[in-house]
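Architecture at a glance
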Protein chains: 2
Amino acid sequence: MFSDRKQLRIPGPTPVPHKVLAAGAGPMANHRGPDFKSQLANILERLKPVFQTENTIIGLTGSGTSAMEAAVANLINPNDSVLVLSGGVFGDRWAQICRAFQADVHVLEYPWGEGIAPEAAADYLRRHSHIKAVFATHNESSTGVLNDIAGIGAAIADFDCLYIVDAVSSLGGVDLKTDEWGIDVVCTASQKCLMAPPGLAFISISNRAKERMKAVSSPRFYLDLQSYLEMLERSETPYTPNISHFYALEEALNIIEAEGLEQIFSRHLLMRDMVRAGISALGLPLLVADQWASPTVTAVKPDFDDVSGFVASLRDDFGVELAGGQGRLAGRVFRIGHMGYATPLDMLTTLAAIETKLGRFGQATAAAEQVWLQTVGG
Amino acid sequence: MFSDRKQLRIPGPTPVPHKVLAAGAGPMANHRGPDFKSQLANILERLKPVFQTENTIIGLTGSGTSAMEAAVANLINPNDSVLVLSGGVFGDRWAQICRAFQADVHVLEYPWGEGIAPEAAADYLRRHSHIKAVFATHNESSTGVLNDIAGIGAAIADFDCLYIVDAVSSLGGVDLKTDEWGIDVVCTASQKCLMAPPGLAFISISNRAKERMKAVSSPRFYLDLQSYLEMLERSETPYTPNISHFYALEEALNIIEAEGLEQIFSRHLLMRDMVRAGISALGLPLLVADQWASPTVTAVKPDFDDVSGFVASLRDDFGVELAGGQGRLAGRVFRIGHMGYATPLDMLTTLAAIETKLGRFGQATAAAEQVWLQTVGG
């Protein structure tokens with residue numbers, strides 16, 4: 001079948017709307033000329049409502065991990081004590097990066113598939129008064145857990161430590177109130193809910209974090225946020241930015257603004273509920289309980305052996321590209337991405353492929369359609 | 001006039017061919033699926049002849065500076081002594097990055113606008129036996145100097161130190177024999193002679209450098225080349241790569257292979273000679289003498305005061321986008337980029353705009369046309 005008609009249902013990169021791809025194919029520009037400078041400033045300004053922040057937003061030419069490293073390299077000194085709240089691959093990534101920068105890393109580890117208890121974070125800080133920063137993951141895409149970032153923010157608000165959140169696979173698809181929830185630093189990337197190709201990362205920084213930055217000596221150059229802040233005053237970046245993806249993102253922001261954040265958040269919740277209803281109707285176990293279920297990705301832990309073969313067959317025989325498991329879940333789960341440029345109909349085609357493969361004709365789709373109709377209220 | 005008809009004559013980003021832009025707008029893919037994996041492996045393999053190397057080539061999602069930092073962070077320990085050969089902004093950038101990573105940095109500084117004498121580098125190493133790496137710039141785009149990378153390589157071949165070269169604004173447009181000239185590490189980026197948009201960087205690494213890497217403790221994560229080498233064995237990258245730009249680069253490689261490297265190198269030399277003849281015919285002083293003149297960018301140091309105003313007028317009134325000066329040359333030179341997807345006709349339109357602005361109708365173009373006709377031998 002058409003190799004470019006595969007349903008891309010992995011937790012990123014996500015499908016990019018045609019208009020966004022077309023905008024990204026615009027002619028090259030001088031990144032230090034007046035046209036691109038005003039475009040860059042405008043895009044970063046329009047990201048603020050999506051981040052729900054008044055903080056400065058910096059655009060980095062890199063993957064989401066580059067924004068995570070920027071947070072660590074610019075805010076953590078060697079031997080600084082930090083607390084990482086982890087329940088999956090991306091929580092662990094915070095710990096790995098902090099260790100690479102020689103921090104004293106404390107990890108509050110949660111079972112993979114469960115959310116983090118805000119009070120446990122506060123308890124930990126009470127018993128370890130020297131912790132300078134708390135690192136959390138909004139949406140743990142390796143398990144499909146959405147963490148209670150608001151609750152953690154409230155629980156740790158009285159401690160003098162930075163609150164740093166990885167929102168790579170949530171921002172722009174799931175409610176994240178950066179300022180209201182007291183988050184100093186939010187990291188995200190272009191290729192998830194923002195519906196652009198991978199290659200840009202974004203990081204918002206509070207004034208408190210900007211102050212802290214001045215006293216940090218960790219080696220950094222490409223990701224030195226101070227140089228980005230200085231160049232931002234003239235609407236430039238220190239190094240040549242990914243111009244094409246800024247073109248693309250501008251068009252993606254048009255689409256996001258036209259739909260509206262509230263509607264976007266509802267659509268993601270609906271897609272989550274449809275997928276979970278469909279998978280449950282097939283009798284396949286969901287990895288995550290309802291209370292923590294992610295609006296952007298759902299992990300399924302089937303009782304059959306060859307999960308990798310199942311994923312490969314869905315891709316090669318049925319045209320739906322799912323993700324396997326990561327880390328200790330490799331070979332044990334498959335994951336369905338439902339973020340960004342995705343619709344309820346996409347959930348039905350995905351479920352249809354899965355039920356066809358299993359010979360359970362119509363069963364998952366029927367359950368998901370019921371959820372859809374209830375939501376639309378038709 | 002049409003804002004998208006500006007002649008982009010800066011030393012990068014450079015104009016991107018329509019076919020390359022169109023390829024970059026292809027639908028998004030799973031970066032860990034079989035299709036993209038084979039595409040990635042194929043592209044990195046096809047880059048080897050362009051690098052003129054058998055060494056491993058790694059693709060980074062970042063600007064050229066990210067590849068430069070990767071070279072330093074992975075190969076230099078704190079307190080290691082390094083020698084930087086610098087005659088401009090990009091030579092100085094090597095020194096800045098090495099200092100950020102706490103190396104003991106020795107700089108052999110050359111006048112901006114002159115090339116580095118290979119023997120001086122060898123002399124320096126003779127007098128400082130503890131130097132572990134020599135950093136050089138192939139094409140110093142802040143001045144338009146092409147350094148004698150072959151000569152430096154030969155002069156330092158007998159010393160036990162790594163030879164690391166920034167070829168960001170030369171590779172794919174100017175002859176660079178990585179293996180023959182004994183270069184351990186070559187850094188480049190997508191948006192110069194490779195004719196793709198900015199957002200990808202490439203770095204080639206010799207076996208000697210790979211060995212050295214194992215003993216380096218400098219903090220790094222996003223740019224940790226060891227993790228790229230490991231993932232490369234299964235044709236993947238550790239973090240989500242800039243998929244669209246790999247699509248674009250694949251098409252750019254088609255164009256490069258169709259023209260052929262020798263022909264590409266000749267075209268760049270011709271464009272250089274046409275620009276220099278035209279500028280000289282206007283009586284404007286060239287910054288760099290013939291022996292060091294860059295095939296990809298020409299700096300002009302005019303005798304009039306308002307160089308920035310001149311550049312702005314050419315852009316706003318005459319539709320040609322030149323670059324001003326950088327660093328200590330800011331406001332004192334303008335630079336004409338002639339690399340990548342550029343032709344002799346482009347040089348004539350650029351010179352035509354300049355001579356029109358100066359009221360010297362036909363004079364620069366006449367001189368450049370003569371050079372062209374001589375070369376074509378018509």
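Residues numbered from 1 in each chain as written. Chains lettered and ligands numbered in written order. Predicted model: local features only at pLDDT ≥ 70, side-chain atom pairs only at ≥ 80, totals over all residues.

A tally of helices and strands in chain A yields 13 helices and 13 strands. Over its C-alpha trace chain A gives a radius of gyration of 21 Å, about what one expects of a compact globule, namely 21 Å for 378 residues. Along the first, second and third principal axes, the C-alpha set of chain A runs to 60 × 55 × 40 Å. Considering chain A as a whole, with its 378 residues, one finds that 57% of them fall into the buried category. If you take every contact in chain A between residues at least 6 apart in sequence, the share linking residues at least 24 apart comes to 72%. (Helix = DSSP H or I, 4+ residues; strand = E, 2+ residues; numbered from the N terminus. Rg over C-alpha atoms; globule rule 2.2 N^0.38 Å. Buried ≥ 20, exposed ≤ 12 C-beta atoms within 10 Å, placed from the backbone. Contact = placed C-beta atoms within 7 Å.)

Each side of the interface is counted separately: chain A has 48 residues, and chain B has 48 residues. Contributing elements (two or more residues each) for the side of chain A that touches chain B: α1 (18-24), α3 (64-75), α4 (89-100) and α9 (243-259) of chain A. A breakdown of the residues in the side of chain A that touches chain B according to their chemical character gives 21 nonpolar, 21 polar and 6 charged. (Nonpolar A, V, L, I, M, F, W, Y, C, P; charged D, E, K, R; others polar.)

Our next topic: the pairing of strand β11 (residues 297-300) of chain B. All names here are of chain B. Burial of β11 is two-sided: the residues Val297 and Ala299 facing one way and the residues Thr298 and Val300 facing the other way are all buried. In terms of strand pairing, β11 meets strand β13 (residues 334-337) through 4 bridges, oriented antiparallel. Bridging from a neighbouring strand, Ala299 pairs with Arg335 of β13. (Pairing = 2+ DSSP bridges.)

Let us now look at the confidence of the model for chain A. A residue-level look at chain A finds 99% of positions with pLDDT of 70 or above and a mean pLDDT of 97. Reported confidence for the predicted complex is 0.97 by ipTM and 0.98 by pTM. (pLDDT = per-residue confidence, 0-100.)

Quick look at the domain arrangement of chain A now. Residues and elements named next belong to chain A. If you check the domain split of chain A, you get domain 1 (3-13 + 260-376) and domain 2 (18-257). Between domain 1 and domain 2, the contact holds 24 residues from the first and 24 residues from the second. For the side of domain 1 that touches domain 2, the secondary structure elements donating two or more residues are α10 (261-281) and β11 (297-300). The residue inventory of the side of domain 1 that touches domain 2, partitioned by class, reads 14 nonpolar, 8 polar and 2 charged. (Domains from an automatic or database assignment.)

With that out of the way, let us pick up helix α9 (residues 243-259) of chain B. All names here are of chain B. In this model α9 runs 25 Å from its N-terminal to its C-terminal C-alpha over 17 residues, within 8% of the 24 Å that 1.5 Å per residue would give. The set of residues buried in α9 consists of Ile243, Ser244, His245, Phe246, Tyr247, Ala248, Leu249, Glu251, Ala252, Leu253 and Ile256. Of the residues flanking the end of α9, it is Gly260, one or two places downstream, whose phi is positive at about 95°. (Expected span 1.5 Å × (residues − 1).)

Below, the discussion takes up the relation of the copies chain A and chain B. Superposing chain A onto chain B requires a rotation of 180° together with a translation of 0.0 Å along the rotation axis, leaving an RMSD of 0.0 Å. Those values place the two copies in the arrangement expected of a two-fold rotation axis. Within chain A, Gly62 of chain A has its C-alpha nearest the rotation axis, a separation of 2.5 Å. Of all interface residues in chain A, 100% are interface residues in chain B too; the two copies therefore contact each other through one and the same surface. (Least-squares fit on C-alpha atoms with pLDDT ≥ 70 in both.)

Residue and element names in this part refer to chain B. As for its position among the elements, Asn77 is in the loop between α3 (64-75) and β3 (81-86). Note: C-alpha distance between Asn77 and Glu250 (173 residues apart in sequence) is 35 Å. Setting aside residues up to four positions removed in sequence, Asn77 forms contacts with Val216, Ser217 and Ser218.

Once that is clear, we can look at the nonpolar core. One finds Val134, Val185 and Ile203 of chain A together with Val134, Val185 and Ile203 of chain B to be the most contacted residues of the largest nonpolar core, which totals 248 residues. Discounting chain neighbours no more than four positions away, the residues touching Ile203 of chain A are Ile58, Leu60, Ala67, Ala70, Ala71, Val185 and Cys187 of chain A. (Core = buried A, V, L, I, M, F, W, Y, C linked by C-beta atoms within 7 Å.)

What follows is about the environment of Tyr247 of chain A. All names here are of chain A. Position of Tyr247 among the secondary structure elements: in helix α9. Owing to 24 C-beta atoms within 10 Å, Tyr247 belongs among the buried residues under this scheme. Remark: the alpha-carbon pair of Tyr247 and Ser235, spanning 12 residues in sequence, is separated by 15 Å. Residues within four places of Tyr247 in sequence aside, it is in contact with Ala23, Gly24 and Gly26.

Next up on the list: the packing of helix α2 (residues 34-51) of chain B against α9 of chain B. Residue and element names in this part refer to chain B. Where α2 meets α9, the axes come as close as 10 Å, and the angle between the chain directions of the two elements is 45°. Taken together, α2 and α9 sit at an angle that is classed as oblique. Where α2 crosses over α9, the handedness of that crossing is left-handed. Note on element contacts: α9 touches α2 through Ile243, Phe246, Leu249, Glu250, Leu253 and Ile256, opposite Phe36, Gln39, Leu40, Ile43, Arg46 and Val50. Tallied by class, the residues present in the contact of α2 with α9 amount to 9 nonpolar, 1 polar and 2 charged. (Axes fitted to C-alpha atoms, helices over the stretch in contact; angles between N-to-C directions. Parallel < 35°, antiparallel > 145°, perpendicular 65-115°, else oblique. Left-handed = near helix turned anticlockwise from the far one by under 90°.)

For residues that are not glycine, phi is negative in most cases, and the peptide bond is trans in most cases. In this chain, Gly12 of chain A is followed by Pro13 of chain A through a cis amide linkage whose omega measures -5°. With respect to the element layout, Pro13 of chain A can be found in the loop between β1 (7-8) and α1. With a phi angle near 55°, Ser235 of chain A is a residue other than glycine that sits in the positive phi range. Mapped onto the elements of the fold, Ser235 of chain A is located in the loop between α8 (225-232) and α9. Within the chain, Gln52 of chain B stands out as a residue other than glycine whose phi angle is a positive 50°.

It is worth spelling out the sheet that holds strand β10 (residues 200-205) of chain A at this point. Residue and element names in this part refer to chain A. If you walk across this open sheet you meet the 7 strands as β2-β10-β9-β8-β5-β3-β4, and the pairing is mixed. Across the chains shown, the open sheet's two edge strands, defined by having one partner strand only, are β2 (56-61) and β4 (104-109). The average angle at which neighbouring strand axes cross in this sheet is 20°, direction not considered. Looking at chain direction, strand β3 (residues 81-86) and β4 are connected through 6 bridges and run parallel. Within β4, the residue paired with Leu85 across the bridge is Leu108. Where α3 meets the sheet, its contacts fall on β2, β5 (131-137), β8 (162-166), β9 (185-189) and β10, and the angle it forms with β9 comes to roughly 155°.

We now examine the pairing of strand β8 (residues 162-166) of chain B. All names here are of chain B. Burial of β8 is extensive: 5 of the 5 residues sit out of reach of the surface. The alternating pattern of β8 places Leu162, Ile164 and Asp166 on one face and Tyr163 and Val165 on the opposite face, and all of these are buried. One ladder, built from 5 bridges, connects strand β5 (residues 131-137) with β8; its direction is parallel. Directly across from Ala133, in β8, lies its bridge partner Leu162.

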